[in-house]
Amino acid sequence: QVQLVDSGGGLVQAGGSLRLSCTASRSILRPNIMGWSRQAPGKQRELVAGITSITSEGSNTNYADPVKGRFAISADNAKNTVYLQMNSLKPEATAVYYCNARGVLTPFNYWGQGTQVTVSS
């Protein structure tokens, strides 16, 4: 079992930036997909960004349309950590953000505890 710890959330004004971190208790078996999802009050959880790691050297990223060009997901394999850099934040980004790690060939699916992001207008 792998534990994911999410951190970095907080209160920020519209137009500001935050960087979320997701640290795994140990290295995660590749190939894997690590991503960030968010859930606003009264809404379903939605995928925000993902990074697919096939090998330790290569990865691909993908983003939901509302955050393209403003959010960036990256991974530091040496630290077992995935980051979500969020720029030009909008009030509609207010939500609890959850880190997720799932296997591509091996059936595992882990979630972090979530971190609150609040963007004031």
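As shown above, the structure is provided for reference.
Notes on the structure follow. (Residues numbered from 1 in each chain as written. Predicted model: local features only at pLDDT ≥ 70, side-chain atom pairs only at ≥ 80, totals over all residues. Heavy atoms only, no water.)

Quick look at the environment of Pro 41
Definition in use: By the criteria applied, helices consist of DSSP H or I runs no shorter than four residues and strands consist of E runs no shorter than two, each listed in order from the N terminus.
Checked against the element boundaries, Pro 41 lands in the loop between β4 (32-39) and β5 (46-53). Here the alpha-carbon distance between Pro 41 and Thr 94, two residues 53 residues apart in the chain, equals 8.9 Å.

Things to note about the sheet that holds strand β3 (residues 18-24)
Our working definition: The rule for pairing is simple: two strands pair if DSSP sees at least two bridges between them. Between N-to-C directions, angles span 0 to 180 degrees; the directions come from axes that are lines fitted to C-alpha atoms, helices contributing only their stretch in contact.
Judged by pairing direction, the sheet is antiparallel, and its four strands sit side by side in the order β1-β3-β8-β7 without closing on themselves. Edge positions in the sheet fall to β1 (4-7) and β7 (71-76), since each has one partner strand and no second. Going across the sheet, the axis of each strand differs from the next one's by a mean of 15°, ignoring polarity. Sheet analysis places β1 next to β3, joined by four bridges and oriented antiparallel. Each bridged residue has a counterpart across the sheet, and for Leu 4 the counterpart in β3 is Ala 24.

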